[in-house]
Amino acid sequence: MVTPNTVDQIYVREQNLSSVLRCLHDRTRLSRAQIANQTSLNKSTVSSLVEELINRGLIHETGTNSVGTGRPGTNLELNPQAGGIIGLELGVDFLSVVLSDFIGNILWRRFESVDPIAGEDSTIALTLSLVDDAIKDCKARNLRLLGMGVSTPGIVDLKEKVLVFAPNLHWRNIPLGRIYSQHTGVPVFIDNDGNTATIGEHLFGVARQSSNFIFVFAGVGIGGGLFLNNELYRGNNGFAGEFGHSPILWNPAFQAPCHCGNRGCWETHANQYSIIRRAEASLEVKRHSIIPQLMEQNKAPLSISLIKEAADAGDKEAIDILSETGEAIGLGFASLVNIFNPEKIILGGPLSDVGGYLLPAIKESVKKHAMPEIAHQAEILLSAFGTDASVIGAIALVVNDILLNPVHVEKEVMVES
Ligand SMILES: [Zn+2]
């Protein structure tokens, strides 16, 4: 008979399993004694929890640890081979599908361009065939599939796992969680792309161990996520993180219209289109740039990759265009610094490809426009994952669930109790 008392014991044990697993995720390699120290659990409890996590295939032993004065202990770490995880990023005009191991290393990937007006049926059918390919690869590697994460460009009902609305795709009420869990037979998690990227950066990237940071995803638009006091902040209706539509200029009548319907939004000055507009304006009046020559050679229209190529070759105009964009990005960062006093602001997404050129100007702009006492405390840096930030974040949704609930992963080896 299951009594309330045993229910409590099961709950406490599950919490302790999670503590040990998260401790190893945070610190990479530890002996049993070190885990006991870090988690304040007694050594025999830790040994039993470690045994269970090994049986579930989530951690393994690796070498010895001779740190400290005591007897060397066997090191433990997360087992990358615990299983495979599928990440899907539904972009506005692309699909990215990856298979990773348990610690986020990408093992396999596919990228497909899609027409944003193709409609949900054909796009979802394409994702399912890519997911099938990922599952085949996972089996060929002899890995069990642990779960699937989906990053979407829209508002998500987390409980029902439904994409409620994706404005750029005009999709409404798509039960993505049900579609993918029926297809794969594994747990599926979905979230908005800015939030997934933020969770991914916290779990695997440059914001590991940060309790207050902001992730800014810059591409066609500018959005992202707020990680405050150790958790993702979603806002009253789940819309938090739409930074790009904050007005940054006092006289919007003279500013380019934004696709949100307003004028003067930060992103119209700082997104990827703004770089192209600056380049077009600059090339009209300045004649020394090698950008026109590169367009001619490559038989390609003006693009960020061509501007980068010119900047890499030392083209002053290309470098100036990117610095000016960095200054505009920095204006928005300065507001974020003043409002949230973050430890870090991280720039990810397509614009991080030219991040090396943007970053010095962003930092300068923040120094100039944010309150000095707060500005110098905020580190500004590039995402560890660049354009992959959201798809890595999709993987992170699954890993996060396992770190919190290790019992969701079945035992690989049956032990006699
Ligand atoms: Zn706007």
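Residues numbered from 1 in each chain as written. Predicted model: local features only at pLDDT ≥ 70, side-chain atom pairs only at ≥ 80, totals over all residues. Heavy atoms only, no water.

(A) Spotlight on the overall build of the chain. Counting its regular elements, the chain contains 14 helices and 16 strands. Radius of gyration (C-alpha) of the chain: 24 Å, near the 22 Å computed for a compact globule of 417 residues. Projected onto its principal axes, the C-alpha positions of the chain cover 80 × 50 × 45 Å. Every one of the 417 residues in the chain was classed for burial, and the buried ones make up 49%. Element-wise, carbon and sulfur atoms account for 51% of the exposed surface of the chain, whose accessible area totals about 20200 Å². Within the chain, the 45 negative side-chain charges are centred at a point lying 4 Å from the centre of the 33 positive side-chain charges. (Helix = DSSP H or I, 4+ residues; strand = E, 2+ residues; numbered from the N terminus. Rg over C-alpha atoms; globule rule 2.2 N^0.38 Å. Buried < 20%, exposed > 50% of the residue type's maximum accessible area, 1.4 Å probe, protein only. Areas by Shrake-Rupley, 256 points an atom, 1.4 Å probe, with all protein chains shown as cover. Lys, Arg positive; Asp, Glu negative; His and termini not counted. Charge placed at Lys NZ, Arg CZ, Asp CG, Glu CD.)

(B) Representation of the nonpolar core within the structure. Membership of the largest hydrophobic core comes to 42 residues, with the highest contact counts inside it found for Val-216, Ile-307, Phe-333 and Ile-362. Among the elements that take part in this core, helix 11 (residues 316-340) stands out by supplying nine residues, more than any other. Setting aside chain neighbours within four positions, we find Ile-362 in contact with Gly-326, Ile-329, Gly-330, Phe-333, Leu-347 and Ile-380. Core analysis: the second largest hydrophobic core is formed by 37 residues, Val-20, Leu-21, Val-46 and Ile-392 among them. (Core = buried A, V, L, I, M, F, W, Y, C linked by side-chain atoms within 4.5 Å. Contact = heavy atoms within 4.5 Å.)

(C) The pattern of salt bridges, seen in detail. For the structure on display, the rule yields 15 salt bridges. Among the ionic pairs, Arg-278 bridges to Glu-324, the shortest N-O distance being 3.3 Å. A residue pair is termed long-range when its members are at least 10 positions apart, and Arg-278 in helix 8 (residues 272-285) and Glu-324 in helix 11 qualify at 46 residues. You can call Glu-324 partly exposed: its relative accessible area is 45%. Lys-308 is the salt-bridge partner of Asp-312, the closest N and O atoms lying 3.3 Å from each other. With a gap of four residues between them, Asp-312 and Lys-308 both fall in helix 10 (residues 304-312), about one helical turn apart. With a relative accessible area of 49%, Asp-312 lands in the partly exposed category. (Salt bridge = Lys/Arg side-chain N within 4 Å of Asp/Glu carboxyl O.)

(D) View of the environment of Phe-215. Of note, Phe-215 is situated in strand 12 (residues 213-218). Exposure remark for Phe-215: the relative accessible area of 0% places this residue in the buried category. Distance in space between the C-alpha atoms of Phe-215 and Val-98 is 21 Å, their sequence separation being 117 residues. Beyond its immediate stretch of four places on either side in the chain, Phe-215 contacts Ala-197, Thr-198, Glu-201, Gly-223, Gly-224, Gly-225, Phe-243, Ile-346, Gly-348, Ser-383 and Ala-389.

(E) Main features of the sheet that holds strand 3 (residues 73-78). Taken together, three strands build an open sheet; the order of strands is 1-3-2 and the sheet is antiparallel. The open sheet is flanked by strand 1 (30-31) and strand 2 (59-65), the only strands paired with a single partner. (Pairing = 2+ DSSP bridges.)

(F) Highlighting the packing of helix 6 (residues 193-204) against helix 14 (residues 389-404). At a minimum axis distance of 7 Å, the contact between helix 6 and helix 14 shows a crossing angle of 65°. Taken as a pair, helix 6 and helix 14 cross one another with a handedness that is left-handed. Contacts between helix 6 and helix 14 involve Asp-193, Thr-196, Ala-197, Ile-199, Gly-200, Leu-203 and Phe-204 from the first element and Ala-389, Ser-390, Ile-392, Gly-393, Ala-394, Ile-395, Ala-396, Leu-397, Val-399, Asn-400 and Leu-403 from the second. Residue composition of the contact of helix 6 with helix 14, grouped by class: 12 nonpolar, five polar and one charged. (Axes fitted to C-alpha atoms, helices over the stretch in contact; angles between N-to-C directions. Left-handed = near helix turned anticlockwise from the far one by under 90°. Nonpolar A, V, L, I, M, F, W, Y, C, P; charged D, E, K, R; others polar.)

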